[in-house]
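Results of the structural survey
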Amino acid sequence: MQSVKNIWAGIIYGSRIVSVIRIVLGMLFLYSGIVKTFDPAAFGNIIDLYGIVPAVVVPYIAIVLPYVELLTGLFLITGFRIKAVSCIAMIMMAIFTAAIAVNVVRGRSFDCGCFELGRFGISEDISIFLVVRDCVLFLVFLLLFNVKRNYYSLDNVLEKDGLYNLS
Amino acid sequence: MEKNEKRIIIRQALNIIVCAAVLGFAVNIVHPGGYEFIPRKKLQQGKTVSISVAEAYIKYSHGAAIFVDTRDEDIYTERHIQGAVHVPSFPEPLSIAKIAQMKEMLFSEKELILYCDTGCDSSKEIAERLYERGYTRHIYILKDGMGSWSDKGYPVE
């Protein structure tokens, strides 16, 4: 029991594994954001399929969301403003989970347009599995939000150099 | 977590979202597959529709349309479709004044058929000005203009 507590305490304090997870998730977000920027109209059509936002709002989301993902990915990889981007990612995950869950309840099935993994032959059709996956991702970002020390990160370098105290 | 730290994180998160929004809208302007935002007022507007001389004559004989001559004043005075009113496209101040003067008639229940000569743009310009002033229905533009009307022997004065 004590060893489990120690492992948990180690994770919360920050370990290299947590940092690698952060970088991998950052790459996933960066990839997903970049792909979505290629064809905003196609992404808009997917948002429309969810049927939870008014049609008039769809273009604005289709234009802004890919860049939020892109910057989130970039900041996670570089480890800059980790708490802020983890916060954004948690909000996104909460919204995506709710949107997918609503459509699972409605009994609908279509490509969720989440991480564009369909290009690698990985199905991302709306299902309960995606709800669970996004819940897990939410918890991972919650963990990243609470991590005290981030390896391989700009935040760490800036904190070491005391540059954050200058702002 | 301290209250001040929370505030800093929220501010940083908002800054990132604002940057993403600015970046997104800036790229959208030049993106070939981007969205084009059209003013709602413009979406509600009618369109200009080309109408053949034969169809225009049917509307003329039933008194269902107002014919608007958009050519210069001297050409209009020389010869125009019988009963047509004159709203020139040039000079612009005169054109705008004429539209304002005849607004009640032009915006009446009758349809509008604009005409000029073959290959001219003055009818389109007038149509644009009418839409800018709140006209919402379709506006007809006579195909091949005054020449095709008189060639058919339809009434002129």
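Residues numbered from 1 in each chain as written. Chains lettered and ligands numbered in written order. Predicted model: local features only at pLDDT ≥ 70, side-chain atom pairs only at ≥ 80, totals over all residues. Heavy atoms only, no water.

A separate point is the sheet that holds strand β1 (residues 48-51) of chain B. All names here are of chain B. The strand order across the open sheet built from 5 strands is β1-β5-β4-β2-β3, with neighbouring strands paired in parallel fashion. In the strand order of this sheet, the two ends are held by β1 and β3 (85-86), each with one partner. Of the strands in this sheet, β1, β2 (65-69), β4 (111-115) and β5 (139-142) are in contact with helix α3 (residues 53-61), which crosses β1 at around 100°. (Pairing = 2+ DSSP bridges. Helix = DSSP H or I, 4+ residues; strand = E, 2+ residues; numbered from the N terminus. Contact = heavy atoms within 4.5 Å. Axes fitted to C-alpha atoms, helices over the stretch in contact; angles between N-to-C directions.)

The next point concerns the pattern of salt bridges. Inspection of the entire model under this criterion finds 7 salt bridges over all chains. With its nearest N and O atoms 3.4 Å apart, the salt bridge here joins A:Asp134 to A:Arg133. Across the pair B:Glu111 and B:Lys59 runs a salt bridge whose closest N-O atoms are separated by 2.9 Å. Of this pair, B:Glu111 sits in strand β4 while B:Lys59 sits in helix α3, and the two are 52 residues apart along the sequence. Here B:Glu111 falls in the partly exposed class, since its relative accessible area comes to 25%. When salt bridges that share partners are traced, they join A:Glu124, A:Arg133 and A:Asp134 into one network. (Salt bridge = Lys/Arg side-chain N within 4 Å of Asp/Glu carboxyl O. Buried < 20%, exposed > 50% of the residue type's maximum accessible area, 1.4 Å probe, protein only.)

Estimates place the volume of the second largest pocket at around 590 Å³. The wall of the second largest pocket is formed by 27 residues, among which A:Ile61, A:Leu65, A:Met92, A:Ile95 and A:Phe96 lie closest to the centre. Of all the secondary-structure elements, those providing two or more residues to the lining of the second largest pocket are α3 (40-50), α4 (58-78) and α5 (82-105) of chain A together with α1 (3-30) of chain B. Top contributing element to the lining of the second largest pocket by residue count: α5(A), with 8 residues. (1 Å grid on protein atoms, 1.4 Å probe; cavity = no way out; pocket = protein on both sides within 12 Å on 5 of 7 lines; lining within 4 Å. Points joined across faces, edges and corners; volume = space filled by probe spheres on them.)

Before going further, it helps to examine the confidence of the model for chain B. This prediction gives chain B a mean pLDDT of 88; 96% of its residues lie at or above 70. For chain B, per-element mean pLDDT is lowest for helix α2 (residues 40-43) of chain B, which scores 66, and highest for β2(B), which scores 94. (pLDDT = per-residue confidence, 0-100.)

This paragraph deals with the nonpolar core. Grouped together as the largest cluster of nonpolar side chains are 46 residues, with contacts concentrated most on A:Phe29, A:Tyr50, A:Ile100, A:Phe115, A:Phe141 and B:Ile16. Looking at this core, the elements with two or more residues in it are α2 (16-38), α3, α4, α5 and α6 (128-146) of chain A together with α1 of chain B. When neighbours within four sequence positions are excluded, A:Phe115 is seen to be in contact with A:Leu28, A:Phe29, A:Tyr31, A:Ser32, A:Met93, A:Glu124, A:Arg133 and A:Leu137. One finds B:Ile66, B:Leu112, B:Tyr135 and B:Ile139 within the second-largest nonpolar core, a separate group that totals 16 residues. (Core = buried A, V, L, I, M, F, W, Y, C linked by side-chain atoms within 4.5 Å.)

Moving on: the interface of chain A and chain B. At the junction of the two partners, chain A supplies 23 residues and chain B supplies 21 residues. In total, about 1,800 Å² of surface goes out of reach between chain A and chain B, with carbon and sulfur atoms giving 82% of it. Three residues, A:Ile63, A:Tyr67 and A:Leu71, lead the burial of chain A against chain B; their summed loss comes to 29% of the area buried on that side. Where chain A packs against chain B, one counts 0 salt bridges. The tally of links between chain A and chain B comes to 2 residue pairs in polar contact (both at pLDDT 80 or more). Elements supplying a minimum of two residues to the side of chain A that touches chain B: α2, α3, α4 and α5 of chain A. Broken down by element, the residue count for the side of chain A that touches chain B peaks at 10 residues, all from α4(A). When the residues that make up the side of chain A that touches chain B are grouped by side-chain class, the tally is 18 nonpolar, 2 polar and 3 charged. (Buried area = accessible area lost by both parts, 1.4 Å probe. Polar contact = N/O pair within 3.5 Å; in protein donor to acceptor, adjacent residues only side chain to side chain. Nonpolar A, V, L, I, M, F, W, Y, C, P; charged D, E, K, R; others polar.)

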